[in-house]
Amino acid sequence: MTGPRYTPLVDSLPATVPFVGPETQERAMGQGFRARLGANESVFGPSPKVVAAMAEAARGSWMYGDPENHDLRQALAAHEGVAPENIIIGEGIDGLLGYLVRMVTAGPADHIVTSDGAYPTFNYHVAGFGGTMHKVAYRDDHEDPAALLAKAGEVAAKLIYFANPDNPMGSWHPRAVVEEMVAQVPAGSLLVLDEAYGQFLPPEDLPRIDPSDPRVIRFRTFSKAYGMAGARVGYGIAAPELITAFNKVRNHFGMSRVSQAGACAALDDGAYLADTIGKVRDAVARIGQIAAENGLTALPSAANFVAIDCGRDGAFAKAVLDGLVARGIFVRMPFVAPQNRCIRISAGEKADLEVLAQALPDALAAARTGV
Ligand SMILES: *Cc1c(COP(=O)(O)O)cnc(C)c1O
């Protein structure tokens with residue numbers, strides 16, 4: 001026999017990734033998208049100060065990055081009002097989720113809970129480490145805290161995944177609900193609070209959580225509000241013991257110097273962040289207006305994207321999505337019914353949304369006639 005002898009688990013898994021990238025679609029189409037509104041990136045880009053800091057750091061790219069991410073960790077601790085010992089930095093939330101799942105999952109006896117249709121990269125990691133996934137339904141297009149907690153208690157879950165605000169729906173729960181959720185985490189479970197879109201909530205609406213509470217880890221990222229998805233910088237806030245445990249498995253040199261420098265500069269430019277958040281708010285409103293002009297309903301969103309209810313089933317929403325893609329607009333949609341009656345559109349520049357406004361009526365008409 002030649003070749004690697006894969007584990008039975010790897011042998012059993014499909015060779016897929018959770019998201020087909022827009023680049024893959026562009027290669028298949030033989031042309032680029034006119035508007036890139038599908039991955040909740042920030043089309044407004046990083047601050048010019050971030051770009052300058054990254055360019056400067058690029059000269060030092062012959063050196064590995066600081067494996068302790070010291071400067072960024074200190075800056076994040078100050079920014080979040082926690083101790084550096086409460087902060088883990090890694091290759092985006094996606095990378096950190098992988099480490100976390102690995103730390104608690106050795107096989108099918110390890111049970112994990114999420115919502116059916118929630119962020120798929122988490123599920124991908126659980127599958128990759130062989131855990132048993134349990135999914136609870138959304139309730140009124142929101143993740144359902146009570147159902148998640150009940151299922152976690154029932155199956156003695158090690159992890160409970162919960163995104164607030166949620167992707168793909170953009171829905172969110174008030175601070176008090178999340179705080180109560182932390183209080184109700186069953187013994188032996190860890191709440192994985194994914195706050196990828198946390199910066200878009202008014203600060204007073206973010207839950208107050210003791211950073212050293214052993215029942216929860218909250219994740220944040222520079223990918224969305226800071227406009228740095230391609231730099232791959234995320235962080236977790238948790239009890240020092242859990243933060244230390246990441247050091248047993250993480251890729252020590254996973255963070256480039258360029259990314260570390262860029263994230264430090266981003267934290268220093270609060271004015272740019274505030275400006276971006278304002279532009280996102282305007283774009284979200286404009287997307288709502290475009291939906292309404294086409295007789296569709298935009299769901300309320302606390303994030304940098306909008307789920308638009310196409311008013312029929314998943315097949316119809318998929319036809320609308322295909323129509324937009326065919327007209328050069330990159331968008332995505334929820335995977336699971338009934339949320340898959342929606343398409344999901346990220347905030348864009350005015351020009352991007354103009355492209356959308358022009359294409360949507362045609363895409364809808366084509367979907368209605370089945371063309
Ligand atoms: C975009 C997104 C992420 C990915 O964050 P990275 O830091 O880029 O890995 C994680 N969770 C949710 C809910 C997201 O929407």
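Residues numbered from 1 in each chain as written. Predicted model: local features only at pLDDT ≥ 70, side-chain atom pairs only at ≥ 80, totals over all residues. Heavy atoms only, no water.

- In the annotation of an unreviewed UniProt entry, the protein chain is listed under the name Histidinol-phosphate aminotransferase and assigned to Candidatus Rhodobacter oscarellae.
- Looking at the protein chain in UniProt, the text filed under Pathway (unreviewed entry) is "Amino-acid biosynthesis."
- Per UniProt, the protein chain carries the Cofactor (unreviewed entry) text "pyridoxal 5'-phosphate". (UniProt positions renumbered as here; feature names shortened; annotations may be inferred.)

**Some details on the overall build of the protein chain**
Here comes step 1: Assigned secondary structure in the protein chain consists of 13 helices and twelve strands.
Here comes step 2: Its C-alpha radius of gyration of 21 Å places the protein chain within 12% of the 21 Å reference for a compact globule of 371 residues.
Here comes step 3: Overall, the protein chain is about 55 × 55 × 50 Å in size when its C-alpha atoms are taken along their principal axes.
Here comes step 4: The 371 residues of the protein chain split such that 54% are buried.
Here comes step 5: Considering only residue pairs separated by 6 or more positions, the protein chain has 74% of its internal contacts joining residues 24 or more positions apart.
Here comes step 6: Of the roughly 16400 Å² of accessible surface on the protein chain, a fraction of 56% belongs to carbon and sulfur atoms. (Helix = DSSP H or I, 4+ residues; strand = E, 2+ residues; numbered from the N terminus. Rg over C-alpha atoms; globule rule 2.2 N^0.38 Å. Buried < 20%, exposed > 50% of the residue type's maximum accessible area, 1.4 Å probe, protein only. Contact = heavy atoms within 4.5 Å. Areas by Shrake-Rupley, 256 points an atom, 1.4 Å probe, with all protein chains shown as cover.)

**Here we look at the sheet that holds strand β8 (residues 234-237)**
Here comes step 1: Taken in spatial order, the seven strands make up an open sheet running β2-β8-β7-β6-β5-β3-β4, and their pairing is mixed. Of all strands in the sheet, those with a lone pairing partner are β2 (87-90) and β4 (132-136), marking the two edges. Taken over all neighbouring pairs, the strand axes of this sheet differ in orientation by 20° on average, direction set aside.
Here comes step 2: Here strand β3 (residues 111-115) runs beside strand β5 (residues 159-163); their pairing, made up of two bridges, is parallel. Within the sheet, the bridge partner assigned to I112 lies in β5 and is L159.
Here comes step 3: Against the sheet, helix α6 (residues 120-128) engages β3, β4 and β5, with an angle of about 160° to β3. (Pairing = 2+ DSSP bridges. Axes fitted to C-alpha atoms, helices over the stretch in contact; angles between N-to-C directions.)

**What about the environment of C310?**
Here comes step 1: By the secondary structure assignment, C310 is in the loop between β10 (305-309) and α12 (314-326).
Here comes step 2: In the structure, C310 is positioned 32 residues away from C342 in sequence and 5.4 Å away in space, judged by C-alpha atoms.
Here comes step 3: Leaving out residues up to four positions away in the same chain, C310 has contacts with L296, F316, A317, V320, R341, C342 and I343.

**Regarding the site of the ligand**
Here comes step 1: Taken together, 13 residues are adjacent to the ligand, and D194, Y197, T221, S223 and K224 come closest.
Here comes step 2: Within the contact set of the ligand, an oxygen atom lies 2.7 Å away from a backbone nitrogen or oxygen of I93.
Here comes step 3: With respect to the ligand, the side chain of S223 contributes an N or O atom lying 2.6 Å from an oxygen atom.
Here comes step 4: Considered on its own, the ligand offers 390 Å² of accessible surface; in the complex 94% of this is hidden by protein.
Here comes step 5: Per element, the largest residue contribution to the shell around the ligand is three residues, and it comes from helix α5 (residues 92-104).
Here comes step 6: Tallied by class, residues from the shell around the ligand come to five nonpolar, four polar and four charged. (Near = heavy atom within 4 Å. Polar contact = N/O pair within 3.5 Å; in protein donor to acceptor, adjacent residues only side chain to side chain. Nonpolar A, V, L, I, M, F, W, Y, C, P; charged D, E, K, R; others polar.)

**Side note on the sheet that holds strand β12 (residues 342-346)**
Here comes step 1: Strand order in the open sheet formed by three strands is β9-β10-β12, with antiparallel pairing between adjacent strands. The open sheet has two edge strands, β9 (297-298) and β12, and neither has a second partner.
Here comes step 2: Relative to β12, β10 runs antiparallel, the two being bridged by five bridges. Opposite V306, over in β12, you have I345 as the bridge partner.
Here comes step 3: Those strands touched by helix α11 (residues 270-293) are β9, β10 and β12, and its axis lies near 15° from that of β10.

**What to know about the packing of α5 against α6**
Here comes step 1: Look at α5 against α6: their axes get within 9 Å of each other, and the N-to-C directions meet at 35°. As α5 runs across α6, the sense of the crossing is right-handed. Residues D94, L97, G98 and V101 of α5 form the contact with α6, whose own contacting residues are T121, F122, H125 and V126.
Here comes step 2: Residues of the contact of α5 with α6, tallied by class, amount to four nonpolar, three polar and one charged. (Left-handed = near helix turned anticlockwise from the far one by under 90°.)

**Focus: the UniProt feature "domain: Aminotransferase class I/classII large" (unreviewed entry) in the protein chain**
Here comes step 1: Residues annotated in UniProt with the feature "domain: Aminotransferase class I/classII large" (unreviewed entry) correspond here to residues 37-360.
Here comes step 2: End C-alpha atoms of residues 37-360 are separated by 13 Å, and the span's content is 40% helix alongside 15% strand.

**Thoughts on helix α8 (residues 175-183)**
Since there are 3.6 residues in each turn of an α-helix, residues three or four apart along the chain are aligned in direction.
Here comes step 1: Here α8 has its buried residues at V178, M181 and V182. Viewed end-on, α8 has its buried residues packed into an arc of 100°, placing them on one side of the element.
Here comes step 2: Looking at the buried positions of α8, the neighbouring elements they touch are α7 (145-155), β5, β6 (190-194) and β7 (216-221). (Arc of directions from axis to C-beta.)

**Some thoughts on α7**
Here comes step 1: Within the span of α7, buried status applies to P145, L148, L149, A152 and V155. Taken end-on, α7 shows its buried residues confined to a sector of 145°, consistent with a single buried face. Along α7, the residues that are exposed and aim more than 90 degrees away from the buried face are A146 and E154.
Here comes step 2: Following α7 by one or two positions, A156 adopts a phi angle in the positive range, close to 50°.

**Things to note about the state of the cysteines**
Here comes step 1: The final tally for this structure, using the stated rule, is zero disulfides.
Here comes step 2: Considering cysteine sulfurs only, C310 is the nearest to C342, which forms no disulfide, with 6.9 Å between them. (Disulfide = S-S within 2.5 Å.)

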